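Single-letter residue listing:
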Amino acid sequence: MAHAPLPLYRRGFGETMRRDAWWIQPLVVFTLLLSFVVYATWAAFQNANYWYGSYLSPFYSPEVFGSSPHALLGPKPAWWPAWLAFSPALIILPFPGLFRVTCYYYRGAYYKAFWADPPNCAVGEPRTSYRGERSFPLIVQNVHRYFMYIALLFLVILASDVWKALWFATPSGGKQFGIGVGTLVLAANVVFLSFYTLGCHSFRHIVGGFHDELSKHRVEQVAYDCASCLNRWHMRWAWTSLVGVAFADLYVRMCAMGMWHDWRIV
């Protein structure tokens, strides 16, 4: 029995049969991501007000070179090019930044919000061909798994910053244990970043995905299940950690500028 070929209909840009407000989601994503990029870029180039006592902004941690007591190798080195703007944040921010940019969730989010590829599900996009992530430049997204290792290292460094934020200078020049609001802000940032990073698809694959029969490897099974539990909320942790790291920088900055007072809880 012969069948007549059905014509393939391609939607024009923005064309859809959806009756809901489909444009709200990409608009919100566009606004939030753009706001974070603008703020993070501004904060990184400030090279000031990024530390307050034992608090260090996560945008500047680890501070390899810098003017604060947290600098590992002292002030800006003499060999730094005069024509190149200097900021401790510019040395380290590309690493966690590239981890986020290449994240599987964020890819889908900014493909829709910034590139309209597509603007949303079942909505026409402004291009007629699809290249995918198998050719340049999007094939570079595969570096995500390697930046994940660096992100894990950053969790250890930021956790160390929380430990340092538990010790406050005394009038005699010593250190005294205490907990301030800033301590809790920095600790919450580490928790949110940990949930986001440890729920990463690449991390889940590393801790358990190499085995064909995972049930025969008890330790890897437990690690895989824990990562899978976090992965179910990966989108929520992605946004929570994004807001959390920006607020942590803002809190330290406001305290350093004298605009906010760090209330000591203990």
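Above this text sits the structure in question.
Fair warning: this is a prediction, and the values are worked out from it, not measured in the lab.

About the thresholds
- Residues numbered from 1 in each chain as written.
- Predicted model: local features only at pLDDT ≥ 70, side-chain atom pairs only at ≥ 80, totals over all residues.
- Heavy atoms only, no water.
- Core = buried A, V, L, I, M, F, W, Y, C linked by side-chain atoms within 4.5 Å.
- Buried < 20%, exposed > 50% of the residue type's maximum accessible area, 1.4 Å probe, protein only.
- Helix = DSSP H or I, 4+ residues; strand = E, 2+ residues; numbered from the N terminus.

*Asks:* Please give an account of the nonpolar core that cites residues and values.
*Replies:* Considering soluble globular proteins, one finds that nonpolar side chains tend to be buried as a cluster. In this structure, Leu-33, Phe-36, Phe-59, Phe-99, Tyr-105, Tyr-106 and Tyr-196 are the most contacted members of the largest nonpolar core, which totals 39 residues. Residue assignment for this core shows that the elements contributing at least two residues are α1 (24-46), α2 (88-92), α4 (104-115), α5 (144-164), α7 (201-208), α8 (218-231) and α9 (234-256). The dominant element in this core, judged by the number of residues it contributes, is α1, at seven residues. If you look at the next biggest cluster of nonpolar residues, it comprises 14 residues, including Tyr-55, Val-162, Leu-186 and Ala-248.

*Asks:* Could you give me a rundown of unusual backbone geometry, with the residues and numbers involved?
*Replies:* Most peptide bonds take the trans configuration, and most residues that are not glycine carry a negative phi. That bond from Ser-61 to Pro-62 is cis: its omega, 0 degrees, falls within 30 degrees of zero. Its location among the elements puts Pro-62 in the loop between β2 (55-56) and α2. That bond from Asp-117 to Pro-118 is cis: its omega, -10 degrees, falls within 30 degrees of zero. Locating Pro-118 in the fold gives a position in the loop between α4 and α5. For Asn-49, which is not a glycine, the phi torsion comes out positive at approximately 60 degrees. Along the polypeptide, Asn-49 turns up in the loop between α1 and β1 (51-52).

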